[in-house]
Amino acid sequence: MKLFDVYPLFDITPVKAEASWLWDDKGQKYLDLYGGHAVISIGHSHPHYVKTLNQQLSNIAFYSNSVKNPLQEKLAEKLGQLSGYPDYQLFLCNSGAEANENALKLASFVTGRKKIVAFKKAFHGRTSGAVAATDNPKIVAPFNAGHQIVFVPMNDEAAFDAVMDNQVAAVIIEGIQGVGGIQLPTNAFLQHLEKTCKAFGALLILDEIQSGYGRTGKFFAHQFSGVKPDLITMAKGMGNGFPIGGVLIEGSIKPWSGMLGTTFGGNYLAAAAGLAVLEVMENEQLLNNAATIGSYLIAELKKIKSITDVRGEGLMIGFDLPEEKKSVRNDLLFKHHIFTGEAKPNTIRLLPSLAMTRKEADLLLNALKEELA
Ligand SMILES: Cc1ncc(COP(=O)(O)O)c(C=O)c1O
């Protein structure tokens, strides 16, 4: 059987990984500053993570959410403590798109409304249709039965105000737009969204799937602005490669049996992976490291002449290259063996492990200086 050919692939086959490093099947070593779309938060194959997962695998790997799973409770406890949201509730699922689906559905259940306000250039996932093809009234939220989604430019208060009314179930925004090229909402804009959502009885959803989990040096990117969203979605760095996602739900939102659900969400292996990630983040103070190395990288990148518009927070960094230097990402990979990400047309995206060292940062800076000389 052939694979369904939807991904543009580099001709590289990783067979081993450790911390910020990957090795391919030919023995070539690569510095990984992309982490497979921001997934590697604590570093590849961290010993505590590997040990925890192996132990869990030999105890119990899976049973459905029809029995108690104390690991989920431990994960929720630690996540509440480290994220600064101890009074929120946690719903566990398997991916970022699924976290957003559940957040939108929840907002629609809570408000009884179907209109959603989203922002241009945002990315929230690739699912569509599963609930729409279901007729169980307990599962189908008003949103699923004929929704309306309105897109406005980010950081444009007037455009946003023009579409807000008392039909809006939720406003959904990324903590920092990732796929859209590392674009930041201003603190003032986020504060305006919070205030306006409250005024109209709409819920504010912060999609922190790429920008959350310590990536910016704060647990969530929106915490620079002081807003408190009603719903926060997460995935990517949450499992350091193990598929797990979740929604943080403000404490007054009441669940009912069957309101949300999933087969695999929060299973024993996923919860063990999630807990191990948080333990490493806490023990190794990775938020501080992300802030320190991130500030260093941003300051040094700004000194390189042909790089324009360096932006980001912590270790979520984007910068633009001149048109004639379009080959730099490939040169970094094939000449210097450094993985980076991109956003079209000419933005390089850095989403390394939160444990990245200064020495690793210098390897990138030196390679860039050579390519851009
Ligand atoms: C901000 C954001 N939201 C949602 C998603 C979708 O996550 P997943 O691919 O796990 O479904 C992504 C993936 O890149 C993302 O960056």
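Note that the structure is a prediction, hence the values are computed from the model and not measured.

Chemist: Quick question: what am I supposed to make of the domain arrangement of the chain here?
Modeler: Think of interface size as the accessible area that goes away when the parts come together; that is how it is often given. When its domains are assigned, the chain resolves into domain 1 (24–46 + 285–349) and domain 2 (49–283). Facing 25 residues of domain 1, the contacting portion of domain 2 comprises 28 residues. Taking both partners together, domain 1 and domain 2 bury about 2300 Å²; carbon and sulfur atoms supply 62% of that area. Applying the counting rule to domain 1 against domain 2 returns zero salt bridges. Joining domain 1 to domain 2, the criterion identifies 14 residue pairs in polar contact (both at pLDDT 80 or more). Put simply, the parts of the chain that give the side of domain 1 that touches domain 2 at least two residues each are α1 (35–38), α8 (286–303), β11 (308–313), β12 (316–320) and β15 (347–350). Looking at the side of domain 1 that touches domain 2, the element that brings in the most residues is α8, giving four residues.

Chemist: Would you take a moment to explain the site of the ligand for this structure?
Modeler: Lining the immediate surroundings of the ligand are Ser95, Gly96, Ala97, Asn100, Phe123, His124, Gly125, Glu174, Asp207, Ile209, Gln210 and Lys236. Gly96 is positioned with one of its backbone polar atoms (N or O) 2.8 Å from an oxygen atom of the ligand. Protein burial of the ligand: of its 390 Å² of free accessible surface, 81% is covered by the chains. Residues belonging to the shell around the ligand are distributed by class as follows: three nonpolar, six polar and three charged.

Chemist: Explanation requested: the pairing of strand β5 (residues 115–119) in the structure shown.
Modeler: Strand residues, when the strand is regular, have side chains that alternate between the two faces of the sheet. Across the five residues of β5, five count as buried, placing the element largely inside the fold. By the alternation rule, side chains of β5 split into Lys115, Val117 and Phe119 and Ile116 and Ala118, which are all buried. As judged from the five bridges shared by β5 and strand β6 (residues 148–152), these two strands associate in the parallel manner. By the bridge assignment, Ile116 is partnered in β6 with Ile149.

Chemist: Got a minute to help me understand the sheet that holds strand β4 (residues 89–93) in this structure?
Modeler: The strands making up a sheet associate through hydrogen bonds between their backbones, and the pairing can be parallel or antiparallel. The seven strands are arranged β4-β10-β9-β8-β7-β5-β6 in an open sheet whose pairing can be described as mixed. Looking at strand neighbours, the two that pair on one side only are β4 and β6, the edges of this open sheet. Adjacent strand axes in the sheet meet at a mean angle of 20°, parallel and antiparallel pairs treated alike. Bridge analysis of β5 against strand β7 (residues 168–174) gives three bridges, and the strand direction is parallel. Paired with Val117 across the two strands is Val171, which belongs to β7.

Chemist: Help me understand the pattern of salt bridges, please; the structure alone is not making it clear to me.
Modeler: Where side chains of opposite charge bring their charged atoms close, a pairing between them can arise. The full count for this structure, using the stated rule, is ten salt bridges. We note a salt bridge from Asp320 to Arg311, for which the minimum N-O separation is 3.2 Å. Residues joined by salt bridges that share partners form a network here, namely Asp309, Arg311 and Asp320.

Chemist: Explain the environment of Gln177 to me, please; I cannot follow it from the model alone.
Modeler: Relative to the helices and strands, Gln177 is located in the loop between β7 and α6 (187–200). Distance from Gln177 to Ser306, taken between C-alpha atoms, is 23 Å for residues 129 residues apart in sequence. Residue contacts for Gln177: discarding those within four places in its chain leaves Phe119, Lys120, Lys121, Ala122, Met154, Ile182, Gln183 and Met316. A polar atom in the side chain of Gln177 sits 3.0 Å from the backbone oxygen of Lys120.

Conventions used here
Residues numbered from 1 in each chain as written. Predicted model: local features only at pLDDT ≥ 70, side-chain atom pairs only at ≥ 80, totals over all residues. Heavy atoms only, no water. Domains from an automatic or database assignment. Contact = heavy atoms within 4.5 Å. Buried area = accessible area lost by both parts, 1.4 Å probe. Salt bridge = Lys/Arg side-chain N within 4 Å of Asp/Glu carboxyl O. Polar contact = N/O pair within 3.5 Å; in protein donor to acceptor, adjacent residues only side chain to side chain. Helix = DSSP H or I, 4+ residues; strand = E, 2+ residues; numbered from the N terminus. Near = heavy atom within 4 Å. Areas by Shrake-Rupley, 256 points an atom, 1.4 Å probe, with all protein chains shown as cover. Nonpolar A, V, L, I, M, F, W, Y, C, P; charged D, E, K, R; others polar. Buried < 20%, exposed > 50% of the residue type's maximum accessible area, 1.4 Å probe, protein only. Pairing = 2+ DSSP bridges. Axes fitted to C-alpha atoms, helices over the stretch in contact; angles between N-to-C directions.

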